[in-house]
Amino acid sequence: MCGIVGYLGARDCTEVLMDGLEKLEYRGYDSAGIAVFENNEIKTVKTRGKLSQMKNKLETEGKPVGHCGIGHTRWATHGEPSDVNSHPHSNGRVTIVHNGIIENYAELKEFLTEQGYTFLSQTDSEAVACLLDYYYSERNPLHAITETLKELRGSYALGIIFKDFPERVYAARRGSPLIVGVGDGESFIASDIPAFLKYTKDYVLLDDDEIVRLDKDGAKFFDLHGLPVKKETQTAEWDVEQAQKCGFPHYMLKEIHEQPEVVQKTLDSLTSEGVPDFSEIGLTDEMLRGVGRVFITACGTAMYAGIVGKYAIEKVARVPVAVEIASEFRYMNPILNAEDLVIVVSQSGETADTKAALELAKSRGAKTLAVVNVKYSAIARLADMCVNTLAGPEIAVASTKAYSVQIVSLYLLAFRFAYARGAISESEMKRLTSLLEQTPQAISRVIERSDECQFAASQLINTETLFFIGRGFDYALSLEGSLKLKEISYIHSEAYAAGELKHGTISLIEQNTPVITIATQRHILEKTISNMEEVKARGAYIIAICRKGTMFAEGSVDLKLELDFGDLDDMLVPLPTVCALQLIAYYSSVLRGNDPDKPRNLAKSVTTE
Ligand code: G6P
């Protein structure tokens with residue numbers, strides 16, 4: 001979704017803004033723009049398209065030269081991607097960039113039109129620029145902002161500059177992320193830390209309904225009444241390197257390769273003396289004993305991680321778990337009570353539907369637990385308890401390492417749950433945890449097989465549609481493998497529970513339709529193989545992903561990817577197996593000439609519903 005940056009300091013503002021926008025590219029966007037004070041005048045350059053187009057425009061129109069300004073990457077919601085709909089928006093006295101959706105913009109627009117304002121764009125955001133101008137009087141920007149915010153419905157992060165104040169940047173937020181970077185004699189605003197990490201690691205989190213003013217004295221914070229607010233400065237644990245490609249051609253490949261390390265880190269942080277330990281976040285055995293039902297709610301890949309979590313929790317702890325898509329859960333009037341535990345899973349911690357699902361669960365009295373990768377995110381701060389996964393910054397839009405650490409957290413939760421409720425003994429909890437400790441090596445062994453994954457991908461590049469099938473944990477993985485492939489290769493794909501294919505969709509199997517069969521679960525291996533044979537008999541091209549040494553009847557498999565899981569319990573093999581699926585998706589994307597890091601139409605962090 002949209003990215004916001006803002007800068008005030010001694011550096012070349014255009015350079016800082018463009019660099020920051022580049023770091024936010026991962027969020028997904030279709031146009032970009034900046035507004036910079038040059039000789040006390042606001043100079044705006046904006047265009048539809050990628051930052052490379054923006055750079056060309058800056059070359060031809062001339063780069064604004066100054067030290068104060070705001071920038072934006074836009075992911076279109078109201079109005080098509082076009083030069084005029086790109087941000088910043090201005091009405092002369094006020095120039096803004098906006099992330100989020102102003103729900104009452106039509107009303108505001110009507111009112112402002114009556115007041116004599118004319119609108120140039122089709123965006124909801126332009127109404128904010130006009131409203132700020134409407135309330136701006138007596139050279140008092142703060143008053144204009146507080147009055148304007150009181151009238152806005154919906155979500156926003158705003159970067160604002162006033163023509164009369166060439167050495168100030170204002171910003172405000174409600175519902176959309178905005179972070180203030182605090183440097184030495186310079187300040188920043190941004191949608192995410194990587195945008196200013198190169199200049200400072202110190203940051204302040206802006207909360208909902210707070211306003212910040214950057215001027216030569218640093219950053220000052222205010223509430224909706226314009227009263228000063230004291231804020232705490234924190235230091236980012238991420239370093240610049242973590243947010244860079246480090247020699248890999250794409251972030252996605254780098255992030256796939258980081259999995260052994262981030263899985264290990266997450267394991268270390270959530271275990272003590274060889275067993276899962278959630279006491280630090282307030283999740284005690286007593287609390288787990290009191291849980292009646294578990295709901296896991298999330299979107300996209302995080303939701304598919306939730307399905308692995310469901311299978312694991314139900315298998316070992318014998319507690320019923322329902323996995324719900326967050327955008328459905330929030331509107332389906334769920335039946336919840338104080339004995340329910342609602343787990344929300346999110347990489348970004350900002351996904352609007354997941355956040356709304358969490359708010360709903362809280363309002364109904366359920367206990368809430370977030371599994372989140374960005375520890376300063378809204379969801380992390382809102383949930384009663386929060387497991388902070390340690391994937392580090394995930395820049396590629398398609399999630400990889402965040403998924404792995406999400407499932408690691410859910411496995412550990414399953415083991416602790418099972419122990420707390422007496423479903424397994426302490427020694428069994430120890431044994432399962434020690435098996436989980438073996439997954440980083442198993443993941444490394446799969447990543448070493450990248451060439452084979454690339455070869456499998458090369459068999460798919462001319463296909464228009466394909467299937468993933470599997471049973472149990474393999475079905476959960478099929479869902480994620482199929483999503484990953486669709487997201488970045490644009491090949492249509494469907495994931496099916498292997499036993500379900502014959503109930504209809506098998507009619508789509510034609511000569512050479514690829515069917516990726518995930519067959520790692522030994523207790524149902526024969527069943528999965530039968531389903532594979534069913535499609536093979538109808539002409540499918542079978543790629544089988546299985547445990548090393550798995551035997552298939554001659555001629556039933558066209559390409560076999562045997563993975564070495566060591567002694568891993570079948571329940572835990574999704575961790576290494578998903579890496580093979582990620583690599584197949586990655587290479588399919590690259591071989592088809594796509595940019596796997598920035599798939600068309602997708603956004604990394606979806607802050608609209
Ligand atoms: C977007 C991304 C997906 C991601 C989903 C949930 O749709 O494109 O890759 O899985 O949001 O994101 P979250 O940050 O909540 O995990």
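Source: prediction; values computed, not measured.

So, about the overall build of the chain. Secondary structure assignment for the chain yields 19 helices and 26 strands. Along the first, second and third principal axes, the C-alpha set of the chain runs to 80 × 55 × 45 Å. Across the 609 residues that make up the chain, the buried fraction comes to 61%. Residue pairs in contact within the chain that sit at least 24 positions apart in sequence constitute 70% of those at least 6 positions apart. In the chain, 64 positive and 84 negative side-chain charges are present, and the distance between their average locations comes to 1 Å.

With that settled, consider the pairing of strand β6 (residues 94–102). Burial within β6 is extensive, with eight of its nine residues counted as buried. From the end of strand β5 (residues 89–90) to the start of β6, which pair antiparallel, there are three residues, and Gly92 there has a positive phi angle of about 110 degrees. Relative to strand β7 (residues 154–162), β6 runs antiparallel, the two being bridged by nine bridges. Note on β7: the bridge partner recorded for Thr95 is Ile161.

This paragraph deals with helix α9 (residues 300–317). Given a rise of 1.5 Å per residue, 18 residues ought to cover 26 Å, and the 25 Å separating the end C-alpha atoms of α9 matches this to within 8%. In terms of burial, α9 is a largely internal element, 13 of the 18 residues being buried. Looking at the residues trailing α9, positive phi occurs at Arg318, about 55 degrees.

A few words now on the site of the ligand. In the neighbourhood of the ligand, 13 residues make up the surrounding shell, with Ser346, Gln347, Ser348, Thr351 and Ala603 lying closest. The separation between an oxygen atom of the ligand and a polar main-chain atom of Thr301 is 3.0 Å. Thr351 has a polar side-chain atom sitting 2.5 Å from an oxygen atom of the ligand. For the ligand, the protein covers 89% of the area, taking 390 Å² as the surface of the free molecule. Broken down by element, the shell around the ligand gets its largest block of residues, three residues, from α9. Counted by class, the shell around the ligand contains five nonpolar, six polar and two charged residues.

Next up on the list: the sheet that holds strand β19 (residues 341–346). Strands sit in the order β18-β17-β19-β20-β21 across an open sheet of five strands; the sheet is parallel. Each having just a single partner strand, β18 (321–325) and β21 (385–388) make up the two edges of the open sheet. In this sheet, adjacent strand axes meet at a mean angle of 20 degrees when their direction is disregarded. Taken together, the five bridges between strand β17 (residues 294–298) and β19 define a ladder with parallel strand orientation. When the sheet's bridge partners are listed, Ile296 is paired in β19 with Ile343. Sitting on the sheet, helix α13 (residues 401–420) is in contact with β17, β19, β20 (367–372) and β21, with an inclination near 160 degrees to β19.

Okay, the domain arrangement of the chain next. Segmenting the chain into domains produces domain 1 (3–242), domain 2 (245–437) and domain 3 (443–597). Computed over C-alpha atoms, the centres of domain 1 and domain 2 are 33 Å apart. Across the boundary between the two partners, domain 1 contributes 15 residues, which contact 14 residues of domain 2. Both faces combined, the contact of domain 1 with domain 2 buries some 1,400 Å², and carbon together with sulfur accounts for 54% of it.

What follows concerns the packing of aromatic side chains. Across all of its chains, the model carries 13 aromatic pairs by this definition. Ring centres of Tyr134 and Tyr135 lie 5.0 Å apart, and the angle between their planes is 75 degrees; on these two criteria the pair is classed as edge-to-face. The exposure class of Tyr135 is buried, given its relative accessible area of 18%. With a centroid separation of 5.3 Å and an interplanar angle of 10 degrees, the aromatic rings of Phe188 and Tyr199 are classed as stacked. Pair noted here: Phe188 is in strand β10 (residues 187–190) and Tyr199 is in the loop between β10 and β11 (202–205), with a separation of 11 residues, a long-range link. No difference in accessibility class separates Phe188 from Tyr199, as the two residues are buried. Put simply, the rings of Tyr7, Phe188, Phe196 and Tyr199 touch in pairs and so form one group of aromatic residues. Between the NZ or CZ atom of Lys50 and the centre of the ring of Tyr29, over which it lies, the distance is 4.2 Å. One residue, Arg600, lies across the ring of Tyr490, its end atom 3.9 Å from the ring centre.

So, on to the packing of helix α3 (residues 105–114) against helix α4 (residues 125–135). Their axes nearest at 10 Å, the elements α3 and α4 cross at an angle of 45 degrees. Accordingly, the angle class assigned to the pair α3 and α4 is oblique. In this structure, α3 meets α4 at a crossing whose hand is left-handed. Residue-level inspection shows Tyr105, Leu108, Phe111 and Leu112 of α3 in contact with α4, the latter providing Ala127, Cys130, Leu131 and Tyr134. Considering only residue class, the contact of α3 with α4 consists of eight nonpolar, no polar and no charged.

Rules used throughout
Residues numbered from 1 in each chain as written. Predicted model: local features only at pLDDT ≥ 70, side-chain atom pairs only at ≥ 80, totals over all residues. Heavy atoms only, no water. Helix = DSSP H or I, 4+ residues; strand = E, 2+ residues; numbered from the N terminus. Buried < 20%, exposed > 50% of the residue type's maximum accessible area, 1.4 Å probe, protein only. Contact = heavy atoms within 4.5 Å. Lys, Arg positive; Asp, Glu negative; His and termini not counted. Charge placed at Lys NZ, Arg CZ, Asp CG, Glu CD. Pairing = 2+ DSSP bridges. Expected span 1.5 Å × (residues − 1). Near = heavy atom within 4 Å. Polar contact = N/O pair within 3.5 Å; in protein donor to acceptor, adjacent residues only side chain to side chain. Areas by Shrake-Rupley, 256 points an atom, 1.4 Å probe, with all protein chains shown as cover. Nonpolar A, V, L, I, M, F, W, Y, C, P; charged D, E, K, R; others polar. Axes fitted to C-alpha atoms, helices over the stretch in contact; angles between N-to-C directions. Domains from an automatic or database assignment. Buried area = accessible area lost by both parts, 1.4 Å probe. Phe/Tyr/Trp six-rings, centres within 6.5 Å; stacked < 30°, edge-to-face > 60°. Lys NZ or Arg CZ within 6 Å of the ring centre and 35° of its normal. Parallel < 35°, antiparallel > 145°, perpendicular 65-115°, else oblique. Left-handed = near helix turned anticlockwise from the far one by under 90°.

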